[in-house]
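Inside the fold
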Amino acid sequence: MPLIRPAAPVTLDAVDLRVLHMPLVSPFTTSFGTETVREVIIVTAETPDGRGWGEVVTQSEPSYSSEYTQGAWDVLTRFLAPALLARRTVAPEEVAGALHHVVGHRMAKAGLELAVIDAALRAENRSVGEYLGAEKDRVPSGVSVGIQSDPRALVAAVGGYLDEGYVRIKIKIKPGRDIAETDAVRSAFPEIPLQVDANSAYTLADADTLAQLDRFGLLLIEQPLQEDDIVDHAALAQQLKTPICLDESITSVKAARDALALGATTVINVKAGRVGGYLEALRIADLCESAGIPVWCGGMLETGIGRAANAALAAHPAFTLPGDVSASARFYTEDIVTEPAVLEDGHVRVPTGPGLGVEVDLDALERFTVARETLRR
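Just so you know, these numbers come straight off a predicted model, no measurement behind them.

**Considerations on the overall build of the protein chain**
Scanning the protein chain from terminus to terminus reveals 13 helices and 15 strands. By the compact-globule yardstick of 21 Å for 377 residues, the protein chain fits well, its C-alpha radius of gyration being 20 Å. Each principal axis of the C-alpha atoms in the protein chain carries an extent, and together these give about 60 × 40 × 35 Å. Summarising the internal contacts of the protein chain: among those between residues at least 6 apart in sequence, 73% fall at separations of at least 24. Once the 34 positive and 52 negative side-chain charges of the protein chain are each reduced to a mean point, those two points are 2 Å apart.

Listed below in structure tokens is the structure:
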């Protein structure tokens, strides 16, 4: 499904970049490690008509991805932002092509693209939801639960999120912290929609261990093997009853098409930052919809900026499974938008105002800023 109506070009006067350090409400542990502070880059596109906001979802270290904050900062300041500023006028649909000469750095490109989308749509008084083809005014909210100290603590954490109203639970697993944890959660909550996320922690040699997860009636096992192990994922899929969902492996619509052709996945997690932007994310969703493949919107501990965009993307009809569009309070005591996302009967509302539909709290933005640079034409 193409865009309902492309956006008009904007004139870029400047690109402002900030690194933020935002404390998490509690440590978030995955197979990659533990985060207590979210380091994130906020992008502002300055135009004669106003500002547009974007978010670069890199982490401080290259653990989840080869991209990381300082690398993104370098490529943004030296190559990507100057390339857009040199064009002076650019439409959102032209951003990817304008940056194509820079290999990789999808998260950095996605942050710039989102800022341009927001600026263009605010000028047109259109919402990102309308632009991306959203058909719902709210989306079901799942929650991602990090690895806890033991199975009992995990059950307690999951119970707390269920009490808050989350409609789907995802627990993080890794070797040695998998079967007992999943068994404990499933035993405590026999009927809940439950899935597990390995974040590439296993190899094909662990197939027998992963097969033990089949008895828990999971929605899916997310990214069990390394991101470039597409053939091994296809082999693993033949040994499991539980559907395999790919996350880190899906870096573009071509990667998604190849994975589906090889039988490496039957569910896809779309993360706009990981694939280079919301327009590429939409192309992947369209591919999945055409192929009859379930798709859902993943999360990267976004601030209210990225969270608003994710809600709009998840409201597209191709997204048939609850995603990780949780309430802001799941991760942050204080967000950088004036009206953070909240949980309402297990759902998060899709903002309907111009652009992203959220306003940035400039005072909070300033408090969390640890580095800043403005690039001009």
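**What about the pairing of strand E9 (residues 194-197)?**
Residues Leu194 and Val196 line one face of E9 and the alternating positions Gln195 and Asp197 line the opposite face, and both faces are buried. Bridging between strand E8 (residues 168-172) and E9 involves four bridges; their strand directions are parallel. Counted as the bridge partner of Ile169 is Leu194 from E9. In terms of handedness, the path from E8 via helix H6 (residues 179-188) over to E9 forms a crossover that is right-handed. Pairing of E9 with strand E10 (residues 221-222), which is carried by two bridges, proceeds in the parallel orientation. Bridging across to E10, Val196 finds its partner in Ile221.

**Brief notes about the environment of Val360**
Following the sequence through the fold, Val360 ends up in the loop between strand E14 (347-349) and helix H13 (362-368). Along the sequence, Val360 and Val196 sit 164 residues apart, while their C-alpha atoms lie 33 Å from each other.

**Comments concerning H6**
Along H6, the residues that are buried comprise Ile179, Glu181, Thr182, Val185 and Arg186. Taken down its axis, H6 places every buried residue within 165° of arc, on the same side.

**Quick notes on the sheet that holds E10**
Taken in spatial order, the seven strands line up as E7-E8-E9-E10-E11-E12-E13 in an open sheet, and their pairing is parallel. Edge positions in the sheet fall to strand E7 (142-145) and strand E13 (295-297), since each has one partner strand and no second. Against the sheet, H6 touches E8 and E9, its axis set at about 165° to E9.

**Side note on the packing of helix H1 (residues 69-87) against helix H3 (residues 106-124)**
The N-to-C vectors of H1 and H3 enclose an angle of 45°; their axes lie 10 Å apart at closest approach. The angle between H1 and H3 falls in the class oblique. Taken as a pair, H1 and H3 cross one another with a handedness that is right-handed. Taken together, the residues of H3 that come into contact with H1 (itself represented by Ala72, Val75, Leu76, Leu80, Ala81 and Leu84) are Ala108, Lys109, Leu112 and Val116. Here the contact of H1 with H3 is composed, by residue class, of nine nonpolar, no polar and one charged.

**A closer look at the packing of aromatic side chains**
What the rule picks out here adds up to four aromatic pairs. Centroid distance Phe331 to Tyr332: 6.5 Å. Interplanar angle 55°. Geometry classified as tilted. Each member of the aromatic cluster is reached from another via a ring pair, and the members are Phe28, Phe331 and Tyr332. We note Arg168 situated over the ring of Trp296; from NZ or CZ to the ring centre the distance is 5.3 Å.

Scoring rules and cut-offs
- All residue numbers refer to positions counted from 1 along the written sequence of the respective chain.
- At least 70 in pLDDT is required for a residue's local features to be given in this predicted model, at least 80 for side-chain atom pairs to be given and counted, and no such filter applies to totals for whole chains, interfaces and linings, which use all residues.
- The side-chain numbers reported here are obtained from all heavy atoms of the structure, hydrogens and water having been left aside.
- Put simply, DSSP marks the helices as runs of H or I at least four residues long and the strands as runs of E at least two long, and each gets a number from the N terminus on.
- For this measure, only C-alpha atoms enter the radius of gyration; the expected value for a globule follows 2.2 Å times N^0.38, where N is the number of residues.
- Residue contacts are defined here by distance: any two heavy atoms, one from each residue, within 4.5 Å place the two residues in contact.
- The charge count treats Lys and Arg as positive and Asp and Glu as negative. His and the chain ends do not count.
- We put the charge of a Lys on NZ, of an Arg on CZ, of an Asp on CG and of a Glu on CD.
- The buried label goes to any residue with under 20% of its type's maximum accessible area, the exposed label to any with over 50%, and the partly exposed label to all in between, with areas taken from a 1.4 Å probe on protein chains only.
- Strand pairing requires that DSSP identify at least two bridges connecting the strands.
- For crossovers, right-handed means that the path from the first strand over the helix to the second runs clockwise, given strands pointing away from the viewer.
- What the arc measures is the spread of directions leading from the helix axis to the C-beta atoms.
- Throughout, an axis means a line fitted to C-alpha atoms (over the contacting stretch in the case of helices), and angles, computed between N-to-C directions, take values from 0 to 180 degrees.
- Throughout, the term roughly parallel applies to angles under 35 degrees, roughly antiparallel to angles over 145, roughly perpendicular to angles from 65 to 115, and oblique to all others.
- Take the far helix as your reference; a near helix turned counterclockwise from it by less than a right angle gives a left-handed crossing, and one turned clockwise gives a right-handed crossing.
- Nonpolar residues are Ala, Val, Leu, Ile, Met, Phe, Trp, Tyr, Cys and Pro. Charged residues are Asp, Glu, Lys and Arg, and all others, Gly as well, are polar.
- Each pair of aromatic rings taken from Phe, Tyr and Trp, with Trp reduced to its six-membered ring, is defined by centres within 6.5 Å and is described as stacked if the planes are under 30 degrees apart, edge-to-face if over 60, and tilted in the remaining cases.
- By definition here, charges over rings are those cases where NZ of Lys or CZ of Arg is within 6 Å of the ring centre and within 35 degrees of the ring normal.

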